[in-house]
Amino acid sequence: MGGGSWATALAKIVLSTQESINWYMRKQESIEEFKQLSHNPNYLTSVRFDVDKITFYADINQAIKDSDTLIFATPSPFLKQHLGKVTTPLHEKVIISAIKGLVPEENMLVTDYFAQKYHVPMEQIVVIGGPCHAEEIALERLSYLTLGCTNLENMQAISAVFKNQYLNNSYNQDVTGIEYASVLKNVYSIVAGICHGMKYGDNFQAVLLCNAIEEMRRFLAVVNPVDRDITDSVYLGDLLVTAYSRFSRNRIFGTMIGKGYSVKIAQLEMEMIAEGYYGTKCIREINEQYKVNMPILDALYEILYERKSPIKEIRNLTETFK
């Protein structure tokens, strides 16, 4: 479900272990172009597909009716819009969320949104965590995913689908923690990008990310107090790859802000969504209830939404670091 780079990477993975897939894309013209070219015309164009193994849909309800497992890989700001067209029941489907964000306006985790709005049992919902970039899947570089689910049997079945010669996976029952961590790593990666754009060096970036993972730990410990190791790859690893990688759209977005671009101009120049922009506002509003000390999040909110000076906010932020 989705036609972007992450959806394309996931389709490549699934077709390496399964005979065929159904694939929903919003625009019929993109589907027709895909069939002619044998690749996604807009994203990861180097990845070739055997289109005979793909049944394409521009009708989301028909795609859902014809499928038993649904992999959602749309940007979080558009999920509600896509699901608004759904009239087909979802409660008997297995839902796999590869969405690294919250549902805006609702400020809800994607799993909670499916459970509460569409009555999908939590044991039928799986989340895909990192660390993993779509671009490296396209290049078949050795990568790792983390699968989060409360149901061990479902997790083991899904695990076999997402494992091949260049991809390994592990599983974790901390579904809420994985989802919040995937939002926060995007937030902190924008800050890393801002600092990069302002020509802060690698020494500072190391300190920034040490403080970021500690901030993430504090928040997760309050919103979902379970036993977790914050140094696991799904938390720390996903933060590191998103903050450092040249493929990271959140880092790219932040770098543009750090170089003096306005938020609107940076968004217009990017071809993909920087999820952390939306995640910053969502987490900030959620934290009004929990009141966790989150100076990095607060500084980014001031820069993105209150139009405060990145130079001033980052300088003030450095005084809180240790």
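Quick note: structure is the one above.
This section reports on the structure supplied with the text. (Residues numbered from 1 in each chain as written. Predicted model: local features only at pLDDT ≥ 70, side-chain atom pairs only at ≥ 80, totals over all residues. Heavy atoms only, no water.)

## Overview of the layout of surface pockets
Right, so step 1: When its volume is computed, the largest pocket comes out at roughly 900 Å³.
Right, so step 2: Gly4, Ser5, Ala73, Pro75 and Arg249 are the residues nearest the centre of the largest pocket, which is lined by 38 residues in total.
Right, so step 3: Mapped by element, the contributors of at least two residues to the lining of the largest pocket are α1 (5-15), α4 (76-83), α6 (134-138), α8 (175-197), α10 (233-244) and α11 (249-258).
Right, so step 4: Broken down by element, the lining of the largest pocket gets its largest block of residues, 3 residues, from α4.
Right, so step 5: What lines the second largest pocket is a set of 22 residues, among which Val14, Ile21, Asn22, Thr69 and Ile71 lie closest to the centre.
Right, so step 6: When contributions to the lining of the second largest pocket are tallied by element, the ones reaching two or more residues are α1, β1 (21-24), β3 (69-72) and α7 (152-161). (1 Å grid on protein atoms, 1.4 Å probe; cavity = no way out; pocket = protein on both sides within 12 Å on 5 of 7 lines; lining within 4 Å. Points joined across faces, edges and corners; volume = space filled by probe spheres on them. Helix = DSSP H or I, 4+ residues; strand = E, 2+ residues; numbered from the N terminus.)

## Looking at unusual backbone geometry
Right, so step 1: Of note, the amide linkage connecting Gly130 to Pro131 takes the cis form, showing an omega dihedral of 10°.
Right, so step 2: Tracing the chain through its elements places Pro131 in the loop between β5 (125-129) and α6.
Right, so step 3: Phi is positive for Ser38, close to 65°, though the residue is something other than glycine.
Right, so step 4: Relative to the helices and strands, Ser38 resides in the loop between α2 (28-37) and β2 (54-57).

## Some remarks on a nonpolar patch on the surface
Right, so step 1: On the surface, Tyr261, Ile265 and Leu268 cluster together into a nonpolar patch covering about 290 Å² of accessible area.
Right, so step 2: Residue Leu268 is classed as exposed on the basis of its relative accessible area of 64%. (Patch = residues over 30% accessible without salt bridge, like charges linked within 9 Å, V, L, I, M, F, W, Y side chains within 5 Å. Areas by Shrake-Rupley, 256 points an atom, 1.4 Å probe, with all protein chains shown as cover. Salt bridge = Lys/Arg side-chain N within 4 Å of Asp/Glu carboxyl O. Buried < 20%, exposed > 50% of the residue type's maximum accessible area, 1.4 Å probe, protein only.)

## Points about the pattern of salt bridges
Right, so step 1: What the rule picks out here adds up to 11 salt bridges.
Right, so step 2: Between Glu105 and Lys80 there is a salt bridge, and its shortest N-O distance comes to 3.6 Å. Taken as a pair, Glu105 in the loop between β4 (94-97) and α5 (110-118) and Lys80 in helix α4 lie far apart in primary sequence, 25 residues in all.
Right, so step 3: As a salt-bridge pair, Arg141 and Glu136 come within 3.7 Å of each other at their nearest N and O atoms.

## Here we look at the environment of Glu29
Right, so step 1: Note on placement: Glu29 falls in helix α2.
Right, so step 2: Distance from Glu29 to Ala58, taken between C-alpha atoms, is 9.3 Å for residues 29 residues apart in sequence.

## Concerning α10
Right, so step 1: Those residues of α10 lying buried are Val234, Tyr235, Gly237, Asp238, Leu239, Thr242 and Ala243.
Right, so step 2: Those residues of α10 hidden inside the fold are in contact with β5, β6 (143-148), β7 (167-172), α8, α9 (202-223) and α11. (Contact = heavy atoms within 4.5 Å.)

## Overview of the nonpolar core
Right, so step 1: Of all hydrophobic cores here, the largest spans 53 residues; its most connected members are Tyr180, Tyr188, Met216, Phe219, Leu220, Phe253 and Ile283.
Right, so step 2: Those elements giving two or more residues to this core turn out to be α8, α9, α10, α11, α12 (263-269), α13 (275-290), α14 (295-305) and α15 (310-318).
Right, so step 3: Per element, the largest residue contribution to this core is 13 residues, and it comes from α8.
Right, so step 4: Filtering out sequence-adjacent residues up to four positions away, Phe219 remains in contact with Tyr180, Leu184, Ile283, Ile286, Asn287, Val292 and Met294.
Right, so step 5: Residues Ile13, Cys149, Ile158 and Phe162 belong to the second largest nonpolar core, which totals 37 residues. (Core = buried A, V, L, I, M, F, W, Y, C linked by side-chain atoms within 4.5 Å.)

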